[in-house]
Amino acid sequence: PGELTLSDIEIKESIEYGGMKILGKKWWAVISDFSDLNYLLSNNRIIANAPTGKTIEIQYIEQQNEERSPVIMATAGHIEIELKENENKKLEPSKIVASGGIDYQKDENNRFRGSILLYDHETSVITIRGDEKYPAYYNSMPVDEIFINMNTDKVEFKITSPGSI
């Protein structure tokens, strides 16, 4: 199985900071246990697949002012990450699609499961949907769809009607 680390690491010239060298880590992600991974240079897209019957593991963490966020963990059968150049000419994830059964642990109080996870960096919203094979759950409660605003940490969901379980 393979492993890939993505990060936003910036090293400033020492002269800019009065002789001090600064290493700033804003975020990093580790994608592991994939069977194959492709980087499509033409559209800055990373595509990874898990071995049959297994899942890819994803770990994500952010750091601001020497404080690290909790590690966000997820698993999926297939992942596509679209990278986009930001205003600082650095590549960052702009869209993420995880499918083939997802399990997303945002923190100790928020666990999400479903068929597909969609992340849009412009809106900072994660959408999770279920299907017959991989129904959607929020903390073990069956739901139709989940919306997570990453800026506000607000979670919204549509409760599954009794006839659709």
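From a predicted model like this one, the values you see are computed outputs, not experimental measurements. (Residues numbered from 1 in each chain as written. Predicted model: local features only at pLDDT ≥ 70, side-chain atom pairs only at ≥ 80, totals over all residues. Heavy atoms only, no water.)

### Brief notes about the overall build of the chain
Tallying secondary structure elements over the chain gives 0 helices and 14 strands in all. A separation of at least 24 residues holds for 38% of the contacts in the chain among residues at least 6 apart in sequence. Surface exposure of the chain reaches about 10,600 Å², of which carbon and sulfur atoms provide 50%. (Helix = DSSP H or I, 4+ residues; strand = E, 2+ residues; numbered from the N terminus. Contact = heavy atoms within 4.5 Å. Areas by Shrake-Rupley, 256 points an atom, 1.4 Å probe, with all protein chains shown as cover.)

### Let's talk about the environment of Asn 109
Mapped onto the elements of the fold, Asn 109 is located in the loop between β9 (91-107) and β10 (110-120). Looking at Asn 109, the relative accessible area reads 53%, which means it is exposed. As a C-alpha pair, Asn 109 and Asn 139 span 30 residues in sequence and 7.8 Å in three-dimensional space. (Buried < 20%, exposed > 50% of the residue type's maximum accessible area, 1.4 Å probe, protein only.)

### Considering the pairing of β9
Regular strands show a simple pattern: their side chains alternate between the two faces of the sheet. Bridging between strand β7 (residues 72-76) and β9 involves 3 bridges; their strand directions are antiparallel. Note that in β9 the partner of Met 73 across the bridge is Gln 105. Relative to β9, strand β8 (residues 78-85) is paired through 8 bridges, and the arrangement is antiparallel. Bridge pairing links Lys 84 to Glu 92 in β9. Bridge count for β9 against β10 is 10 bridges, and the pairing is antiparallel. When the bridges of β10 are listed, Ile 96 appears paired with Tyr 119. (Pairing = 2+ DSSP bridges.)

### Structural notes on the pattern of salt bridges
Tallied over the entire structure, the rule returns 10 salt bridges. Residues Arg 113 and Asp 103 are paired through a salt bridge, measuring 3.5 Å at the closest nitrogen-oxygen approach. Here Asp 103 lies in strand β9 and Arg 113 lies in strand β10, a separation of 10 residues in the sequence. One salt bridge in this structure joins Arg 129 and Glu 145, with 2.6 Å as the shortest N-O distance. Here the residue Arg 129 occupies a position in strand β11 (residues 125-129), and Glu 145 occupies one in strand β13 (residues 141-149), the gap between them amounting to 16 residues. Under the relative-accessibility criterion, Arg 129 is labelled partly exposed at 34%. You can call Glu 145 buried: its relative accessible area is 12%. When salt bridges that share partners are traced, they join Arg 45, Glu 80 and Glu 82 into one network. (Salt bridge = Lys/Arg side-chain N within 4 Å of Asp/Glu carboxyl O.)

### Some thoughts on unusual backbone geometry
In this structure, Ser 124 takes a positive phi of about 55 degrees despite not being glycine. According to the relative accessible area criterion, Ser 124 is buried, its value standing at 10%. Backbone geometry places Ser 140, a non-glycine residue, at a positive phi of 70 degrees. Among the secondary structure elements, Ser 140 is positioned in the loop between β12 (136-138) and β13. For Ser 140, a relative accessible area of 67% corresponds to the exposed category.

### Some thoughts on the confidence of the model for the chain
With 87% of its residues at a pLDDT of 70 or more, the chain has an overall mean of 83. Predicted confidence for residues 11-24 stays below pLDDT 50, and this span has 16 contacts to residues more than four positions away or in other chains. (pLDDT = per-residue confidence, 0-100.)

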